[in-house]
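Given next are the chains, with one letter for each unit.
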Amino acid sequence: MVVPYARGVFCPAYDDGRCRSCTLLAVPYHEQLAGKAAHTAGLLAPFGDIAWEAPVPSAPAGYRNKAKLVVGGTLDAPTLGILDVDHRGVDLQDCLLYEERLAATFPVLAAFVTRAGLVPYAVPERSGELKHLLVTVSPDGELMVRFVLRSTESLARIRKHLPALLAELPQVAVASVNVLPAHAALLEGEREILLTEASALRMRLGGIDLWLRPQGFFQTNSAVAAALYRQAATWLADDPPASLWDLYCGVGGFALHAAAATRPRVLGVETSEAAVAGARSSAASAGLDAEFVAGDATAFALGAPAADVPEVVVVNPPRRGIGAALAGWLEASGVPRVLYSSCHAESLATDLAAMPSLRPVRGRLLDMFPQTAHDEVLVELRRGA
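Summary of the structure given here. Since we're looking at a predicted model, the values are computed, not measured. The residue count restarts for each chain, going from 1 along the sequence in the order it is written. At least 70 in pLDDT is required for a residue's local features to be given in this predicted model, at least 80 for side-chain atom pairs to be given and counted, and no such filter applies to totals for whole chains, interfaces and linings, which use all residues. Here the side-chain values reflect all heavy atoms present in the structure, with hydrogen atoms and water set aside.

Let us look at the sheet that holds strand S8 (residues 143-149). Pairing within the open sheet is mixed, and its seven strands lie in the order S6-S5-S4-S7-S8-S9-S10. The open sheet has two edge strands with one neighbour each: strand S6 (89-91) and strand S10 (191-194). Neighbouring strand axes in the sheet, compared pairwise and without regard to direction, differ in orientation by 40° on average. As defined by bridge partners, strand S7 (residues 130-137) adjoins S8 across seven bridges and the pair is classed as antiparallel. Across the sheet, the residue bridging to Val-135 is Val-145, located in S8. In this analysis, two residues are considered to be in contact whenever any of their non-hydrogen atoms come within 4.5 Å of each other. Between N-to-C directions, angles cover 0 to 180 degrees, with each direction set by a line fitted to C-alpha atoms, over the stretch in contact for helices. Elements are defined by DSSP. Helices are runs of H or I of four residues or more, strands are runs of E of two residues or more, and each kind is numbered from the N terminus. Across the sheet, helix H4 (residues 106-115) touches strand S4 (66-73), strand S5 (78-83), S7 and S8, and the angle it forms with S5 is around 115°. The criterion for strand pairing is that DSSP finds at least two bridges linking the strands in question.

So this is what it looks like as structure tokens:
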């Protein structure tokens, strides 16, 4: 239960010092939102007279659709959460950020760890098997559960006890084992072993089914992600393009919402094969004309013939931004319009400085990550504006 503080929200993990990740927890939510909007507007002010729409708020708690849980502790008393400074497990099953339907699975999964004999991986000793539990909940309440293991030694036991887990959590649609043999600060490895017949979780947003496969990327906050895609589609509909590229397309959120709203020729590019497979499934199930290819966004753009440059390019890069090479290509390409979705306004500002011919004309902040200093901002750039 989340209980309001006088100046924020109460989190037991923060209050007793187990976790201090939510750096804005003591700040009233309306002040968080206003502060983020002002910070972003100030960073981007040198690049043009931007028409800012009202920020999109989030639920201040219970918004995360995915849990990336480090498994620590012991076989009889596993912890699900993070590691402390000594690389020992800290239990955060009571974290206030997770969707309620997601948090409700944690005690069941902790009990399964014990029952199936999945010895938690001890980082200092480099011993044990189970490193992480990755759990995602869809807007419809279905679940994807992934066990990240050091090896396949525990695979048979997981298969043996899985029917009991599925009986306890019938909402699990997809379950898998990911193999991460390296002793490294990584979330997952390259090898994925499906344990269920279904291989993808349906993430229904804005009337479109986006199919998320293991190792595919999806926005953390389903409600704000839906608003983000809806905003992009609305701006595109003001001046419908005939052609559009969605670079860093993930499972195709921007591309498919654009295809549904304005029917351009759509091409999405993403490095993750799993995400591309999901995007193709989504396009097929929705009956939308969209093509998706696996590859590096920058390499794709730099290798494209000049005649293929679309009327709109959508970019949704990781925190580092699109980088000098892709920014330089966009600047020189002649593309008239860019929609840039950024989760790090500082890298967005760096990229804008490298594209002086593409000026931001309107923008909107969407609070994807309440209680933290992070957010998402969507800006529309037009050439010569």
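This paragraph deals with the packing of aromatic side chains. Aromatic contacts are taken between Phe, Tyr and Trp rings whose centres are within 6.5 Å, Trp giving its six-membered ring; a plane angle under 30 degrees counts as stacked, one over 60 as edge-to-face, and the others as tilted. Scanning the model with the defined rule gives five aromatic pairs in all. With centroids separated by 5.5 Å and ring planes inclined at 40°, the aromatic side chains of Phe-112 and Phe-147 adopt a geometry described as tilted. Placement of Phe-112 in helix H4 and of Phe-147 in strand S8 is noted, with a sequence separation of 35 residues between them. Think of it in three bands: with a 1.4 Å probe and only protein chains considered, a residue is buried below 20% of the maximum accessible area for its type, exposed above 50%, and partly exposed in between. Accessibility expressed as a relative area gives 0% for Phe-147, which makes it buried. An aromatic cluster of at least three residues, connected via ring pairs, comprises Trp-245, Phe-300 and Trp-329. Residue placement shows Arg-20 over the ring face of Tyr-14; its charged tip is 4.4 Å from the ring centre. To sit over a ring, a charge needs its Lys NZ or Arg CZ within 6 Å of the ring centre and within 35 degrees of the ring normal. For Lys-131, the ring lying beneath its charged end belongs to Tyr-121, and the centroid distance is 4.7 Å.

Working rule for helices: expected span equals 1.5 Å times residues minus one. Between its first and last C-alpha, helix H8 (residues 273-286) extends 20 Å over 14 residues, near the 20 Å set by a 1.5 Å rise per residue. Three or more residues of H8 are buried, namely Ala-274, Ala-275, Val-276, Gly-278, Ala-279, Ser-282 and Ala-283. On the buried face of H8, the contacting elements are strand S12 (208-212), helix H7 (253-262), strand S14 (265-270) and strand S15 (290-294). Gly-287 occupies a position one or two residues after H8 and carries a positive phi of about 65°.

Before going further, it helps to spend a moment on the sheet that holds strand S18 (residues 358-366). Within a beta sheet, neighbouring strands are joined by backbone hydrogen bonds and run either parallel or antiparallel to one another. Strand order in the open sheet made by the eight strands is S3-S18-S19-S17-S16-S13-S14-S15, with mixed pairing throughout. Of all the strands in the sheet, the pair left with one neighbour each is strand S3 (51-52) and S15. Here S18 runs beside strand S19 (residues 376-383); their pairing, made up of eight bridges, is antiparallel. Note that in S19 the partner of Leu-358 across the bridge is Arg-383. Those strands touched by helix H6 (residues 222-238) are strand S13 (243-247), strand S16 (312-315), strand S17 (337-342), S18 and S19, and its axis lies near 145° from that of S18.

In the sections that follow, a salt bridge refers to a side-chain nitrogen of Lys or Arg positioned within 4 Å of a carboxyl oxygen of Asp or Glu. Under the definition given, this model contains 20 salt bridges. Arg-150 is the salt-bridge partner of Glu-129, the closest N and O atoms lying 3.7 Å from each other. Residue Glu-129 is located in the loop between H4 and S7, and its partner Arg-150 is located in the loop between S8 and helix H5 (155-168); the two are separated by 21 residues in the primary sequence. Given the relative accessible area of 10%, Glu-129 is considered buried. Between Asp-140 and Arg-202 there is a salt bridge whose closest N-O contact spans 3.5 Å.

Within the secondary structure, Arg-146 is located in strand S8. Within the structure, the side chain of Arg-146 is placed 2.7 Å from the side chain of Glu-188, a separation counted as a polar contact. Those residues within four positions of Arg-146 in sequence are excluded, and the remaining contacts are His-132, Leu-133, Leu-134, Ser-176, Asn-178, Glu-188, Glu-192, Pro-214 and Gln-215. We define a polar contact as two N or O atoms separated by no more than 3.5 Å, with the added condition that, inside protein, one atom must be a possible hydrogen donor and the other a possible acceptor, whereas residues neighbouring each other in sequence contribute only through side-chain atom pairs.

Here we come to the packing of H4 against H5. Close contact between H4 and H5 brings their axes to 10 Å; oriented N to C, the two are set at 155°. By the angle class used here, H4 and H5 are roughly antiparallel. The two elements H4 and H5 cross, and the hand of that crossing is right-handed. Contact residues: Val-108, Leu-109, Phe-112 and Arg-115 in H4; Ile-158, His-161, Leu-162, Ala-164, Leu-165 and Glu-168 in H5. As a working rule, the residues Ala, Val, Leu, Ile, Met, Phe, Trp, Tyr, Cys and Pro are called nonpolar, Asp, Glu, Lys and Arg charged, and the rest polar, with Gly in that last group. Split into classes, the residues belonging to the contact of H4 with H5 amount to seven nonpolar, one polar and two charged. Here the word oblique covers every angle except those under 35 degrees (roughly parallel), over 145 (roughly antiparallel) and from 65 to 115 (roughly perpendicular). Should the near helix be turned counterclockwise from the far one by less than a right angle, the crossing is left-handed, whereas a clockwise turn marks it as right-handed.

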